[in-house]
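Take a look at the letters that make up each chain.
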Amino acid sequence: IVTERFHGQQESFPEEVALHDLAPHCAIALAQLERQERRPLRHVSAWLERFSGSRNWRGRLAGGLFVAAAIGLVLATPTPFQISARGTLEPAERREVFARTDGIVRHVHVAHGDLVEVGQLLVEMEDPELELQASEVLGEIRTAQQRLQAVRAKRMNESVSELEPEDDLQLAAQQQQLLKQIEGLQQQQEILNRQVAELFVRSPIQGTVLSWDLAKRLQNRPVRRGHRLMSVADSDGPWDVQLWVRDQDIVHVVGEQQVADPLPVSFLLATDSSRSYTASIRNVSLISEGEDEPKVRVTARIDPEQTLSRRPGASVVANVECGRRRIAYIWLHELC
């Protein structure tokens, strides 16, 4: 509270008592003003107050309507709609090599980065029980064959006059029985031989071994049928981008794919964000994977004429081109 005195008299100011009485009320007014200054959007509120109290309210109203119309026009303008996704760079021709039977790994013939041919031996396993069965069946076949040779020799060496008809019929029956037995044992031997052959794991394709520390992970270790042993990929062939699209966004990808096929994709390598590359979607999975945040696997084929660092498993950040949508929809579609 400021008071001014315009005369030079030194007598006491008669209104001092009244000023002391007004001080608490002024303090309340100042506190309310301070709170008013701190409230959010105070500038908007002040503008609205000046607008409502202005004499030129018609001009201001027209200006406001013009600004609102301009904003609405911008929000309604179609613009490219992109769905973001993350993924990895992978060779298109990649095979996982699995154990086809139970056994113990005795020899690993390849290492990470080795070039292999189709049918090349990768891993050698053994199954002592299977080998014992094969040996027993082979012994039974040899025994039956020896008995068959003995029966045939007896029928041929004995003269017709010296051999009784019943004995000849009995030898003939034994001969047929041995032939059937040998046939059954040979079929069993073929099955066992196929199982033994499955102990020798071979490369399904020509390519490069991608897995690390194979000898350390597999050597002299038991494996079960279906156990993944290693990965082999054709690094010189086509390459793909394996993307994971959120479950709520895949509807846009599938819908646009029905209109534009192939659907374009632009992506950046995590190790080099200075250059963008292109690909085309070639496959969309029919199932969602993951529990916390379900995602759908999308495979895109990289344009072959592009030159990029092709390292399997390299991280990428991609945008799937899903046509054009209004800006308002692009900003607000995730809230729906």
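Note: the structure precedes this text.
Fair warning: this is a prediction, and the values are worked out from it, not measured in the lab. (Residues numbered from 1 in each chain as written. Predicted model: local features only at pLDDT ≥ 70, side-chain atom pairs only at ≥ 80, totals over all residues. Heavy atoms only, no water.)

If you tally the helices and strands in the protein, you get eight helices and 14 strands. By residue count, 26% of the 336 residues in the protein fall in the buried class. For the protein, the exposed surface amounts to about 23100 Å²; the carbon and sulfur share of it is 53%. (Helix = DSSP H or I, 4+ residues; strand = E, 2+ residues; numbered from the N terminus. Buried < 20%, exposed > 50% of the residue type's maximum accessible area, 1.4 Å probe, protein only. Areas by Shrake-Rupley, 256 points an atom, 1.4 Å probe, with all protein chains shown as cover.)

Further remarks concern the nonpolar core. Counting residues in each nonpolar core, the largest one holds 28 residues, and the members touching the most others are Leu243, Phe267, Ile281 and Val320. The biggest single contributor to this core is strand E14 (residues 314-326), with five residues. Not counting residues up to four positions away in its chain, the partners in contact with Val320 are Phe81, Gln82, Ile83, Leu243, Val253, Leu263, Pro264, Val265 and Ile281. (Core = buried A, V, L, I, M, F, W, Y, C linked by side-chain atoms within 4.5 Å. Contact = heavy atoms within 4.5 Å.)

Trans peptide bonds make up the majority, and among non-glycine residues the majority have a negative phi. Located in the positive-phi region is Asp213, a residue other than glycine, with phi close to 50 degrees. By secondary structure assignment, the location of Asp213 is in the loop between strand E7 (207-209) and helix H6 (214-218). Asp213 sits in the partly exposed class, given a relative accessible area of 48%. Even without being glycine, Asn220 reaches a positive phi, approximately 60 degrees. Here Asn220 shows up in the loop between H6 and strand E8 (222-223).

Quick look at the sheet that holds strand E6 (residues 200-202) now. A sheet is described by the order of its strands in space; here four strands give the open sequence E6-E5-E3-E8, paired in antiparallel fashion. Only two strands of the sheet have a single neighbouring strand rather than two, namely E6 and E8. Across four bridges, the pairing between strand E3 (residues 103-108) and strand E5 (residues 121-126) is antiparallel. Looking across to E5, one finds that Val108 is bridged to Val123. (Pairing = 2+ DSSP bridges.)

Within the closed barrel, the six strands sit side by side as E1-E10-E13-E12-E11-E14. Their pairing is antiparallel. Within the sheet, the average angular offset between the axes of one strand and its neighbour, ignoring direction, is 40 degrees. In this structure, strand E11 (residues 264-269) lies alongside E14, joined through five bridges in antiparallel fashion. Counted as the bridge partner of Ser266 is Asn319 from E14. (Axes fitted to C-alpha atoms, helices over the stretch in contact; angles between N-to-C directions.)

With respect to the helices, strands and loops of the structure, Glu321 is situated in strand E14. Counting along the chain gives 240 residues from Glu321 to Phe81, while the straight-line C-alpha distance between them is 6.3 Å. Polar contacts involving the side chain of Glu321 include one to the side chain of Gln82, which spans 2.7 Å. (Polar contact = N/O pair within 3.5 Å; in protein donor to acceptor, adjacent residues only side chain to side chain.)

Right, let's talk about the pattern of salt bridges for a bit. Counted under the stated rule, the structure contains 10 salt bridges. For Asp249, the salt bridge is made with Arg246, and the minimal N-O distance between the two is 3.0 Å. Classification of Arg246 by relative accessible area gives partly exposed; the value is 23%. Put simply, Glu90, Arg94, Glu96 and Arg228 are held in one network by salt bridges that share partners. (Salt bridge = Lys/Arg side-chain N within 4 Å of Asp/Glu carboxyl O.)

Moving on, we get to helix H7 (residues 250-259). The set of residues buried in H7 consists of Ile250, His252, Val253, Glu256 and Gln257. Buried positions in H7, seen along its axis, are confined to an arc of 155 degrees and lie on one side of it. Exposed positions of H7 whose direction lies more than 90 degrees from the buried face are Val251, Gln258 and Val259. (Arc of directions from axis to C-beta.)

The subject of this paragraph is the environment of His109. Mapped onto the elements of the fold, His109 is located in the loop between E3 and strand E4 (115-116). It is 5.9 Å that separates the C-alpha atoms of His109 and Val123, two residues lying 14 residues apart in sequence. Non-local contacts of His109, meaning those with residues more than four positions away in its chain, are made with Leu121, Leu122, Val123 and Glu124. Side chain to side chain, His109 and Glu124 meet in a polar contact 3.4 Å long.

Another aspect to go through is helix H4 (residues 128-157). For H4, built from 30 residues, the straight-helix expectation of 44 Å at 1.5 Å per residue is met to within 8% by its first-to-last C-alpha distance of 43 Å. What H4 keeps buried is the set Leu130, Ala134, Val137, Ile141, Ala144, Leu148 and Val151. (Expected span 1.5 Å × (residues − 1).)

Moving on: the side chain of Thr101. Checked against the element boundaries, Thr101 lands in the loop between strand E2 (94-98) and E3. When residues no more than four places from it in sequence are discounted, the contact partners of Thr101 are Met125, Gln195, Glu198, Leu199, Val223, Arg224 and Arg225.

These results come straight from atomic positions and should not be treated as a statement about function.
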